[in-house]
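Chain by chain, the residues run as shown.
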Amino acid sequence: MRSRYWSLLKKEFSASKSSFILLLFLIIIWDLFLLTRQNVWDKTLIFGLSMTPIIILPFYALVSGFFSFREEWQKKTICFQLSLPVRGVTLTSVKLLVVLIETVIFITIVFTGGMIFGKNVLPAPIPIQGSIQIGLILAMVTLVLTTMSQFAYLAGRLFHRFRWLISIWVFLLTGWGISRFSGYLAISLSWIPDVQLNGWLLSGVWQYLGENSSPLTIGIRGPVLAAWLFSYLIIFLIGSWFLEKYIEI
Amino acid sequence: MSMRGVFFMILAVLTVFAGFDLSRGGLQKIGTQISQAVILPAPLGGTNTLDDNWFENSSP
């Protein structure tokens, strides 16, 4: 079972290899370009620009969720995948895991660039704990978006006509439904403790605006966050169930 | 009924529900949901955060 999962993972990596390498290459080119501008442009601007590739991440997550499955249908490899003696959740989780690993590499490269350029600008080095926390939040957002787009694509595949329209509609409805109603789930998860995050980034913004006395922590309400994540887990499992049982090739 | 039919029914009901909700300010309530999850440290100078009734204060 483990070797099958590993071979699926390897196959998935090789499928998304070219687009991911291109993306990393563009980020490195961008950082090298900023390096050449160090003595010409404002250093704060260069630090800010070095972090801008993070904006790509949500779009990458959306596209990965949709296109990783679309490619299977286009290349007709979905027949092979569904004929394997594995659960639907194995196939969807492999794709999700690949996106997660790529996201971690992506964030590490962007943050490394940011730390290098930030050395000359920031009064104190970026705290490692704060960077890891931001990285985790970004990875979580990526996973959530990929799960949503995966689910939307698989739901669209249930139908024979207007698949794209249905996928987009499912995506929007899922986002609306979860953000609007997962709060009710939070009531039954009230035993989960709140989380305190290092608020260095926000404190930096306040300091830039002239406020030096704000506290350094950002609170995340554990039950609400858990309710959101639990809702996305349900969506993920429903999508996997569709793939395993109901989707026609 | 097939799974396709059941799913389509669910989508249709949710669509009507979403339309009704959004027409009654549901989009703003998503902001309230977010502000319930994140507790931002407010600066002393009174700059608004999501916890300070963001949508109420930002409307003209």
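See above for the structure.
Please read all numbers here as calculations on a predicted model, not as lab measurements.

J.: Where do I start with the packing of helix H1 (residues 2–36) of chain A against helix H2 (residues 43–51) of chain A in this structure?
T.: Helix-helix packing: each pair is described by the crossing angle between the helix axes and the interaxial distance. Residue and element names in this part refer to chain A. The interhelical angle for the contact between H1 and H2, taken along N-to-C directions, is 175 degrees, at an axis separation of 10 Å. By the criterion of interaxial angle, the relationship of H1 to H2 is roughly antiparallel. Contacts from Trp30, Asp31 and Leu34 of H1 reach H2 at Ile46, Leu49 and Ser50.

J.: When you look at the packing of aromatic side chains in this model, what are you seeing that I'm missing?
T.: Note on aromatic pairs: each is described by the distance of the centres and the angle between the planes. Using the criterion set out here, one finds 18 aromatic pairs over all chains in the structure. Between Phe20(A) and Tyr60(A), the aromatic rings sit 6.4 Å apart at their centres with planes inclined by 45 degrees, giving tilted as the arrangement. Placement of the pair is Phe20(A) in helix H1 and Tyr60(A) in helix H3 (residues 56–74), with a sequence separation of 40 residues. By the burial criterion, Phe20(A) is buried, and Tyr60(A) matches it. Aromatic pair Trp30(A) and Phe33(A): ring centres 6.0 Å apart, planes at 25 degrees, arrangement stacked. Pair noted here: Trp30(A) and Phe33(A) are both in helix H1, with a separation of three residues, about one helical turn. In this structure Trp30(A) comes out as partly exposed when scored by relative accessible area, which is 28%. Taken together, Phe151(A), Phe159(A), Trp241(A), Phe242(A), Tyr246(A), Phe7(B) and Phe8(B) form an aromatic cluster joined through their ring pairs. A cation over an aromatic ring shows up here: Lys95(A) above the ring of Phe69(A), its NZ or CZ 4.9 Å from the ring centre.

J.: Please clarify how the nonpolar core should be interpreted in this entry.
T.: The nonpolar side chains of soluble globular proteins are, as a tendency, buried together. Within the largest apolar cluster, 45 residues are counted, with the highest numbers of intra-cluster contacts made by Trp73(A), Val170(A), Phe242(A), Leu243(A), Ile247(A) and Phe7(B). Among the elements of the structure, H1, H3, helix H5 (88–118), helix H6 (128–156), helix H7 (163–188) and helix H9 (222–246) of chain A together with helix H1 (3–23) and helix H2 (26–37) of chain B are those that each provide at least two residues to this core. If near-sequence neighbours (up to four positions away) are discounted, Phe242(A) is found in contact with Phe151(A), Ala155(A), Leu158(A), Ile247(A), Met3(B) and Phe7(B). Within the second largest apolar cluster, 12 residues are counted, among which are Leu24(A), Ile27(A), Leu57(A) and Phe111(A).

J.: Please explain unusual backbone geometry as it appears in this structure.
T.: For residues that are not glycine, phi is negative in most cases, and the peptide bond is trans in most cases. Residue and element names in this part refer to chain A. The phi dihedral of lysine 76 falls on the positive side, at around 60 degrees, and the residue is not glycine. For lysine 76, the position within the fold is in the loop between H3 and helix H4 (78–83). With phi around 55 degrees, phenylalanine 162 is a residue other than glycine that occupies positive phi space. Along the chain, the position of phenylalanine 162 falls in the loop between H6 and H7. We classify phenylalanine 162 as exposed; its relative accessible area is 61%.

J.: Whenever I open this one, the pattern of salt bridges confuses me. Can you help?
T.: A side chain of one charge can pair with a side chain of the opposite charge if their charged atoms are brought near each other. Under the defined criterion, the tally for this structure stands at seven salt bridges over all chains. With a closest N to O distance of 2.9 Å, Arg180(A) and Asp21(B) form a salt bridge. Separated into two different chains, Arg180(A) in helix H7 and Asp21(B) in helix H1 make up a pair that spans both. By relative accessible area, Arg180(A) is classed as buried at 11%. For Asp21(B), a relative accessible area of 9% translates into the label buried. Overlapping salt bridges, with partners in common, bring together Lys11(A), Glu12(A), Glu72(A) and Lys95(A) in one network.

Rules of the game
Residues numbered from 1 in each chain as written. Chains lettered and ligands numbered in written order. Predicted model: local features only at pLDDT ≥ 70, side-chain atom pairs only at ≥ 80, totals over all residues. Heavy atoms only, no water. Axes fitted to C-alpha atoms, helices over the stretch in contact; angles between N-to-C directions. Helix = DSSP H or I, 4+ residues; strand = E, 2+ residues; numbered from the N terminus. Parallel < 35°, antiparallel > 145°, perpendicular 65-115°, else oblique. Contact = heavy atoms within 4.5 Å. Phe/Tyr/Trp six-rings, centres within 6.5 Å; stacked < 30°, edge-to-face > 60°. Buried < 20%, exposed > 50% of the residue type's maximum accessible area, 1.4 Å probe, protein only. Lys NZ or Arg CZ within 6 Å of the ring centre and 35° of its normal. Core = buried A, V, L, I, M, F, W, Y, C linked by side-chain atoms within 4.5 Å. Salt bridge = Lys/Arg side-chain N within 4 Å of Asp/Glu carboxyl O.

Note that every value here comes from positions in space, so none of it alone points to a role or purpose.
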